[in-house]
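# Per-entry structural report
The chain contents come next:
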There are 2 protein chains.
Amino acid sequence: MHDHRSYNQLKVKSIGIDTYKEHAIYMRIDCEICNSEGFTSLTRLQVSANGQTIVATLMAVLSNLVRHDEAGLSPEAMKKLGVREGDIINIHHLKPVRSFAYVRGKMYDKFFLEDQLMQIIQDVAKGQYSNIELAAFVTACAGDNLSLPEITALTRAMVSAGSSLSWSSPVVLDKHSVGGLPGNRTSPIVVSIVAAAGFTIPKTSSRSITSPAGTADTMEVITRVDLGIESIKNVVYNTGGCLAWGGAMELSPADDILIAVEKALDIESEGQLVASVLSKKAAAGSTHVVIDMPVGSTAKVRSHDDAKRLKQYFHEVGESIGLNVDTYISDGSQPVGVGIGPALEARDVLSVLKNETEAPADLKHKSAALAGLMLEMVNYSEKGKGKADALQFIENGKAYEKFKTICLAQGAFREPPLAQYQFDVSSTKAGVITEINNRNLAKVAKLAGAPKSPAAGIEFFAPIGKKVNAGDLLFRIHSESTGEMAYSKEYLASIEDLITIQ
Amino acid sequence: MHDHRSYNQLKVKSIGIDTYKEHAIYMRIDCEICNSEGFTSLTRLQVSANGQTIVATLMAVLSNLVRHDEAGLSPEAMKKLGVREGDIINIHHLKPVRSFAYVRGKMYDKFFLEDQLMQIIQDVAKGQYSNIELAAFVTACAGDNLSLPEITALTRAMVSAGSSLSWSSPVVLDKHSVGGLPGNRTSPIVVSIVAAAGFTIPKTSSRSITSPAGTADTMEVITRVDLGIESIKNVVYNTGGCLAWGGAMELSPADDILIAVEKALDIESEGQLVASVLSKKAAAGSTHVVIDMPVGSTAKVRSHDDAKRLKQYFHEVGESIGLNVDTYISDGSQPVGVGIGPALEARDVLSVLKNETEAPADLKHKSAALAGLMLEMVNYSEKGKGKADALQFIENGKAYEKFKTICLAQGAFREPPLAQYQFDVSSTKAGVITEINNRNLAKVAKLAGAPKSPAAGIEFFAPIGKKVNAGDLLFRIHSESTGEMAYSKEYLASIEDLITIQ
């Protein structure tokens, strides 16, 4: 029964299955180890080799996908362990994660102590929590279950579980938008204005996960965004700003893990949201942060009461951890600008920065309002004068100059492409636009190919309040392939409530 | 870009991976569907063919495990859909499960209405909930978060989500033990006594999931337990009792799903426990139920206060749904009987039923107490006389006669086997046994091969309070292979707190 391996060892086989944040290990359910240890599917295992250890969830194999002396691992798990096919790995039952006892305590309505949240978040960041344990933690924190001291402690714990940046400037600005409205691409404009005014604003952004474009996707149309931490520092040192992708920085790794579970459960936990946003800003070395908070029935924040409470949380937690936070409550009922999708949004951004007459006025004014609030926070502008000052930077061309400088420092400045295929969608009746389903609109853009095909997406010409006649253009779909255009139109034909005309 | 398939179709490939209760679908992350729909790992999908639909979680494939026009499915998923390799399946994004909105409401401290729990449990039983949604539901119900009316409604919902049995007898007895103590094999003895007294007691049992033996494993050493529902009815009609495996009956399918998640989270939710036990008993057509509740530091119920509250819940919920429930609170600090493992426990059971002088007295008296409580509930015995009446059935041989009759009706009556290898573990010092770690003891038995090798396990000779000298036998490991014996001894050498001698 014994061979050269010892009791808890198997040979690695490479299995190209990506199980997202949770590693998986594929073992024959009738192998010696599963038999003797009583392992079944979903058992949490500790897998080690070369002094490295990962936690993995067992997937029971019933076929010849792996042999009895083999264990399948994903490429990412193999990389973390530093093993190749045929290498020997050690497999043990995972000892219960000790900090999960505090999560159980929370279910019995206990308060989290700061040190307990620290341990939980450290374990989450290390990948010790299974997806269902993460779901239990997120659920136990949801509703109004976290007090302000707990949200503050959670924020601190998230900061200390990741890496942090520091800057030589005493004032470092940043912004964040709560909940993605299609086309809400204010960041490139805000950064250009604030940096043009002489301030440090090292803005990093995410790529789209479920939306037609993230700021990083939009900026990638114009310049390089995939910069290492040293390059980002250089760009900021030379230009005051940056518009890079932040994904490589691991500023709040626990938060990235929790967000995936919250998204899957569609839970809008206020405490988690505040901790998530502010921990990333604190870790990025910011001192002054403006929160863009769109309010609307298909936005993340649905009512002005919710917005008011959330605003208070942001301000109080920010104060506790030494961040100056201000909030800009805006209209979340419809897209901002005309373009939806990386290149089309980039066109809007460039049009505003170039101060073109046909530039989308809503995007221009919202960006100026956000930048103006920042200029007031740092006493560059008098109270109530910030927006006018910000508009000045757009109109005198200094913001556009700064934008070009930042792009060139990041490695390129190029014109956005135009998609090969267009399809116009016109109104079938006369009336006034009264409502827009932002979620369905985003899906049309995604099916057309955004953000994978940067030029794909939508040009949107039907803002709320606009009068239209039958035959008037409502929006134009852009696509790089006839197949994707067909998918987009197929979906369009299947829905009814995209744009309400009355 | 288009071929003969339409936009959301792929060909089935058989993948022998068992993902337990949650189906998985393996798709190339760069296939058309994932690309256009924005599917990523863990996206919940609706997969349909032949008018059947299942819900599956996407596992993103990066290798050539499947082709771009293929989707991998487990054998169980293929069976449910009625498809073979090469068949076409339709894939859609799962619409959010509507009843999950009530779970979100619970997070905000709302009460569940009866109809809401009904919808949730129906959806759970249909496999619509992902593991993380199940974890959120279980967490939202944990602690003291369920009121008595909610527990009652949950119990009713669980009953109506499964199939139910009915019997011609107006009085139908059953028992349940909360939390597995090693060796606590009272059911075969209790059923034999109660059936010998002329009552109907159609006891079905589970196989071991994580313990060295379930009652079904123990009974399988002596007779057939894998009976269909019609055979079970015949056995009960002819003998009054049965001792069969209940797994094929699907009495409370939602509960089976929830239990797996609770086990993984190690949450002891009182509301869920009460609903779980009583829903299965009600579905099985019982009218009178006795709950065996061992209390001890390594048992499920840890204190007498907990036991008291739990007992009250059992009684009140039982009353609401028309079940007579009584509770027997017993010692949960150490194993019951001598044997741990299917055949060794079967030997204890037979020894008690044969009324042998060397039969384990604790097992005999506990079984008689439980049976006696039942006899009092149904007014066969006077209050306080039940246990004496039960012992009478053991001593006059009628319980053993009934046991043999039941076994023969189930298809066999055979002697338990003895394992090929034994290893004696003796005390290294003199003193008194003060504490036993039941969990570690169970693990030694499992590593020795129980319950897969029916003869494997432990004979335990070191009850609490016993005086021992250095060299005295504490327990004997039984194993069917030298390899498993080696694993068991290897583990034994690595732990310290198995038996405390002072």
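Residues numbered from 1 in each chain as written. Chains lettered and ligands numbered in written order. Predicted model: local features only at pLDDT ≥ 70, side-chain atom pairs only at ≥ 80, totals over all residues. Heavy atoms only, no water.

On to helix α15 (residues 386-395) of chain A. Residues and elements named next belong to chain A. Listed in full, the buried residues belonging to α15 are G386, A390, L391, F393 and I394. Seen along its axis, α15 keeps its buried residues to an arc of 155°; they face one direction. Elements that come into contact with the buried residues of α15 comprise α7 (187-196), α13 (342-353), α14 (361-377) and α16 (398-410). Just beyond α15, the residue with positive phi is G397, at close to 80°. (Buried < 20%, exposed > 50% of the residue type's maximum accessible area, 1.4 Å probe, protein only. Helix = DSSP H or I, 4+ residues; strand = E, 2+ residues; numbered from the N terminus. Arc of directions from axis to C-beta. Contact = heavy atoms within 4.5 Å.)

The next point concerns the packing of aromatic side chains. By convention here, two paired aromatic rings are described through the distance between centres and the angle between planes. All names here are of chain A. Scanning the entire structure with this criterion turns up twelve aromatic pairs over all chains. Between F199 and Y380, the aromatic rings sit 5.9 Å apart at their centres with planes inclined by 80°, giving edge-to-face as the arrangement. Of this pair, F199 sits in the loop between α7 and β9 (201-205) while Y380 is found in the loop between α14 and α15, placing the two residues 181 residues apart along the sequence. Overall, the relative accessible area of 16% leaves F199 in the buried class. (Phe/Tyr/Trp six-rings, centres within 6.5 Å; stacked < 30°, edge-to-face > 60°.)

Residue and element names in this part refer to chain A. You can see F413 is positioned in the loop between α16 and β14 (421-426). The exposure class of F413 is partly exposed, given its relative accessible area of 26%. A C-alpha to C-alpha distance of 9.0 Å links F413 and V221, two positions 192 residues apart in sequence. F413 has contacts with I222, L350, Y400, F403, K404, C407 and L408, leaving out every residue within four places of it along the chain.

Next up on the list: the sheet that holds β14(A). Residue and element names in this part refer to chain A. Spatially, β13-β16-β18-β14 is the arrangement adopted by the four strands of the open sheet, whose pairing is antiparallel. Edge strands, defined here as strands with exactly one partner in the open sheet, are β13 (339-340) and β14. Most of the contacts of helix α17 (residues 438-447) go to strand β16 (residues 457-460), to which it runs at about 130°, and overall it touches β13, β16 and β18 (473-479). Against the sheet, helix α18 (residues 482-494) contacts β14 and β18, and its axis sits at roughly 145° relative to β18. (Pairing = 2+ DSSP bridges. Axes fitted to C-alpha atoms, helices over the stretch in contact; angles between N-to-C directions.)

Further remarks concern the pattern of salt bridges. All names here are of chain A. Inspection of every chain in the model, using the stated rule, returns 44 salt bridges over all chains. In this structure, R309 and D306 form a salt bridge, with 3.5 Å as the shortest nitrogen-oxygen distance. Highlighted residues: R309 and D306, both in helix α12 (residues 304-320), separated by three residues, approximately one helical turn. When salt bridges that share partners are traced, they join K11, R67, D69 and E70 into one network. (Salt bridge = Lys/Arg side-chain N within 4 Å of Asp/Glu carboxyl O.)

If you rotate chain A by 179° and push it 0.0 Å along the axis, it lands on chain B with an RMSD of 0.1 Å. Taken together, the turn and the small shift mark the pair as related by a two-fold rotation axis. Scanning chain A for the C-alpha nearest the rotation axis identifies A:I132, at a separation of 2.4 Å. The residues that chain A uses at the interface reappear at the interface of chain B in 100% of cases, marking a shared surface. (Least-squares fit on C-alpha atoms with pLDDT ≥ 70 in both.)

All names here are of chain A. Taken in spatial order, the three strands of this open sheet run β8-β11-β12, and their pairing is parallel. Every other strand in the sheet has two partners, leaving β8 (173-177) and β12 (324-331) as the edge strands with one partner each. Strand-to-strand, the axes of this sheet are offset by a mean angle of 20°, without reference to chain direction. By the bridge criterion, five bridges tie β8 to strand β11 (residues 288-295) in an arrangement that is parallel. Residue D174 lies in a different strand from β11, and its bridge partner there is V289. Running over the sheet, helix α11 (residues 270-283) touches β8, β11 and β12 and is turned about 155° from β8.

Secondary-structure assignment places B:E345 in helix α13 (residues 342-353). When neighbours within four sequence positions are excluded, B:E345 is seen to be in contact with B:G183, B:R185, B:A213, B:T218, B:G339 and B:I340.

Now for the domain arrangement of chain A. Residue and element names in this part refer to chain A. By the assigned domains, chain A splits into domain 1 (9-93), domain 2 (173-247 + 272-410) and domain 3 (421-501). With 23 residues of domain 2 at the contact, the number on the domain 3 side is 22 residues. Across the domain 2/domain 3 interface, buried area totals approximately 1600 Å², and carbon plus sulfur atoms make up 61% of it. Joining domain 2 to domain 3, the criterion identifies zero salt bridges. Joining domain 2 to domain 3, the criterion identifies five residue pairs in polar contact (both at pLDDT 80 or more). For the side of domain 2 that touches domain 3, the secondary-structure elements that each account for two or more residues are α8 (215-222), β13 and α13. Per element, the largest residue contribution to the side of domain 2 that touches domain 3 is three residues, and it comes from α13. Grouping the constituent residues of the side of domain 2 that touches domain 3 by class yields eleven nonpolar, ten polar and two charged. (Domains from an automatic or database assignment. Buried area = accessible area lost by both parts, 1.4 Å probe. Polar contact = N/O pair within 3.5 Å; in protein donor to acceptor, adjacent residues only side chain to side chain. Nonpolar A, V, L, I, M, F, W, Y, C, P; charged D, E, K, R; others polar.)

So, on to the packing of helix α14 (residues 361-377) of chain B against helix α15 (residues 386-395) of chain B. How two helices sit against one another is set out by the angle between their axes and by the gap between those axes. All names here are of chain B. As a packed pair, α14 and α15 sit with axes 7 Å apart at the nearest point and diverge in direction by 120°. In this view, α14 runs oblique relative to α15, as classed from their interaxial angle. Pair α14 / α15 crosses with right-handed handedness. Contacts between α14 and α15 involve K364, H365, A368, A369, A371, G372, L375 and E376 from the first element and G386, K387, D389, A390, L391, I394 and E395 from the second. Its residues placed into classes, the contact of α14 with α15 shows seven nonpolar, three polar and five charged. (Parallel < 35°, antiparallel > 145°, perpendicular 65-115°, else oblique. Left-handed = near helix turned anticlockwise from the far one by under 90°.)

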